[in-house]
Amino acid sequence: MFFDNPMAGITFSVKNIYKSFNDICILKNISFDIQDQQTVALVGPSGAGKSVLFRCILGLCSLDCGDVFFKGRKLPSSIVNNSGKFFKDIGVVFQHSALFDGMSVRENVAFSFPKHSAYAVDEALDQVQFPALHRNTYPSALSGGMRRRVSIARAIVRKPNILFLDEPTAGLDPVASHTISLLIQQIQNIYKVTCITITHDILRLPLLAKRVLFLSDQQLLWQGKIDDFLCTSVEEVRNFVHFGTQQDFLSSIR
Ligand SMILES: Nc1ncnc2c1ncn2[C@@H]1O[C@H](COP(=O)(O)OP(=O)(O)OP(=O)(O)O)[C@@H](O)[C@H]1O
């Protein structure tokens with residue numbers, strides 16, 4: 001007899017997460033599933049709890065309540081108890097790149113992959129179009145865009161199943177933001193990787209994700225396809241999209 005497996009095709013499942021700091025509730029009853037190879041953006045106002053949710057999912061921050069499942073298996077609630085198995089399957093691009101200043105570009109990329117081959121490191125750097133000439137230089141000599149490329153190379157060097165990106169275009173000029181977003185889209189297509197991206201970059205959102213989770217006031221206020229997100233009638237989400245894409249703003253203040 002054949003039984004449907006309700007978790008089939010689901011890479012990631014977050015169930016009824018609660019998190020507070022000093023009795024202040026930050027996340028309230030957050031639940032969602034992410035399908036294999038899906039590209040999802042986590043969007044919402046500053047302070048909504050996006051980064052805390054990321055940290056909770058990654059086990060970098062303990063949960064008050066709730067569970068996270070990866071490929072049907074419940075993850076330990078804290079990184080301290082984590083076997084490390086999960087971390088072999090994921091790549092993380094941290095906010096502001098989080099490179100090690102005392103390591104060269106190549107050493108940074110190799111860091112999460114101690115048994116790396118030089119070939120794998122260069123392959124990842126090729127993938128992010130990082131110039132060969134500068135691969136032995138140190139992060140302090142790189143522009144923001146170049147640092148971002150290194151952090152993406154570090155996240156993909158192990159060819160992960162799932163990629164977490166925390167504001168990959170923050171602090172970059174519009175051209176560099178666009179280039180980095182195109183690069184991420186290319187990586188999604190080549191590696192067929194499940195991607196979860198925190199971003200405020202509404203203009204680049206269609207490049208980064210096909211589905212959106214909108215977090216506000218501690219809760220998951222809205223979730224759905226990118227096209228529906230961009231023209232939703234839900235007021236708070238609509239305002240967020242409007243101010244994130246306002247093309248007529250400059251002409252109105254000139
Ligand atoms: N370690 C901590 N201790 C206490 N409060 C915290 C801690 N980490 C985060 N917070 C609080 O949790 C709330 C959510 O923060 P978080 O960084 O997740 O917001 P965010 O949605 O990612 O914001 P932004 O878009 O500005 O990065 C904030 O009020 C923040 O002050």
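A brief report on the enclosed structure follows. Because the structure is predicted, anything quoted here is derived from the model rather than measured.

1. Some words on the overall build of the protein chain
Scanning the protein chain from N- to C-terminus turns up 10 helices and 10 strands. The proportion of buried residues among the 254 residues of the protein chain is 46%. Partitioning the contacts of the protein chain with sequence separation of at least 6, the portion at a separation of at least 24 is 67%. Split by element, the accessible area of the protein chain, about 13,000 Å² in all, is 54% carbon and sulfur.

2. Quick word on the nonpolar core
In this structure, F12, L27, L53 and F164 are the most contacted members of the largest nonpolar core, which totals 30 residues. Those residues in contact with L27, other than ones at most four positions away along the chain, are I17, Y18, K19, A48, G49, V52, L53, C56, L215 and Q218. Residues L99, A120, V150 and L183 belong to the second largest nonpolar core, which totals 29 residues.

3. Looking at the pattern of salt bridges
Summed over the entire model, instances satisfying the criterion amount to 7 salt bridges. A salt bridge links D122 to R106, with the nearest nitrogen and oxygen atoms 3.1 Å apart. Of this pair, D122 sits in helix α4 (residues 118–127) while R106 sits in helix α3 (residues 105–110), and the two are 16 residues apart along the sequence. Accessibility expressed as a relative area gives 26% for R106, which makes it partly exposed. Salt bridges sharing partners connect three or more residues here, namely R106, D122, D126 and R135.

4. Describing the environment of L99
Take L99: it is sitting in the loop between β6 (90–93) and α3. Residue L99 is classed as buried on the basis of its relative accessible area, which comes to 10%. C-alpha of L99 to C-alpha of R147: the two residues are 48 residues apart in sequence and 7.6 Å apart in space. The residues touching L99, leaving out its near neighbours within four places in the chain, are N108, P139, R147, V150, S151 and R154.

5. Here we look at the sheet that holds strand β9 (residues 211–216)
On the basis of which strands lie adjacent, the open sheet formed by 6 strands has the order β6-β7-β8-β3-β9-β10 and mixed pairing. Two strands lie at the open edges of the sheet, namely β6 and β10 (219–225), each paired on one side alone. Across the sheet, the axes of successive neighbouring strands diverge by a mean angle of 15 degrees, strand direction being ignored. Relative to β10, β9 runs antiparallel, the two being bridged by 6 bridges. The partner of F214 across the bridge, within β10, is W222. Docked against the sheet, helix α9 (residues 235–245) engages β3 (39–43), β9 and β10, running at close to 110 degrees with respect to β9.

6. Topic: the site of the ligand
Around the ligand lies a shell of 13 residues, among which G47, G49, K50, V52 and H200 are the nearest. One nitrogen or oxygen atom from the main chain of A48 is found 3.1 Å from an oxygen atom belonging to the ligand. Between the ligand and the protein, one listed contact pairs an oxygen atom with a side-chain N or O atom of E167 at 3.5 Å. The fraction of the free accessible surface of the ligand (640 Å²) that becomes covered by protein chains is 61%. With 4 residues, the single largest contributor to the shell around the ligand is helix α1 (residues 50–57). Per-class residue counts for the shell around the ligand are 5 nonpolar, 5 polar and 3 charged.

7. A look at the pairing of strand β1 (residues 10–21)
In this structure, β1 lies alongside strand β2 (residues 24–35), joined through 8 bridges in antiparallel fashion. Looking at the pairing, F21 lines up with I24 of β2.

Scoring rules and cut-offs
- For every chain, the first residue of the written sequence is number 1, and numbering continues from 1 onward in sequence order.
- Given that the model is predicted, a residue must reach a pLDDT of at least 70 before its local features are reported, and side-chain atom pairs must reach 80 or more before they are shown or counted; all residues, however, enter totals for whole chains, interfaces and linings.
- Processing note: side-chain calculations cover all non-hydrogen atoms of the structure and skip hydrogens and water entirely.
- Helix numbers and strand numbers start at the N terminus; a helix is a DSSP run of H or I with at least 4 residues, a strand a run of E with at least 2.
- In this scheme, a residue with accessible area under 20% of its type's maximum is buried, one over 50% is exposed, and one in between is partly exposed, where area comes from a 1.4 Å probe on protein chains only.
- Here, residues are in contact when the closest pair of their heavy atoms is within 4.5 Å.
- Surface accessibility follows the Shrake-Rupley procedure with a 1.4 Å probe radius. Residue values consider only the protein chains on display as shielding.
- Remark: nonpolar core denotes a set of buried residues (Ala, Val, Leu, Ile, Met, Phe, Trp, Tyr, Cys) joined through side-chain atoms within 4.5 Å.
- For this analysis, a salt bridge means a side-chain nitrogen from Lys or Arg found within 4 Å of a carboxyl oxygen belonging to Asp or Glu.
- When DSSP finds at least two bridges between two strands, those strands are taken to pair.
- As a rule, the C-alpha atoms of each element are fitted with a line to give its axis, helices using only the stretch in contact, and angles between N-to-C directions run from 0 to 180 degrees.
- When we say a residue is near a molecule or strand, we mean one of its heavy atoms is within 4 Å of it.
- Polar contacts, as counted here, are pairs of nitrogen or oxygen atoms within 3.5 Å of one another; within protein the pair requires one atom able to donate a hydrogen and one able to accept it, and residues that are adjacent in sequence qualify only if both atoms are side-chain atoms.
- Three classes are used: nonpolar for Ala, Val, Leu, Ile, Met, Phe, Trp, Tyr, Cys and Pro, charged for Asp, Glu, Lys and Arg, and polar for all others, with Gly counted as polar.

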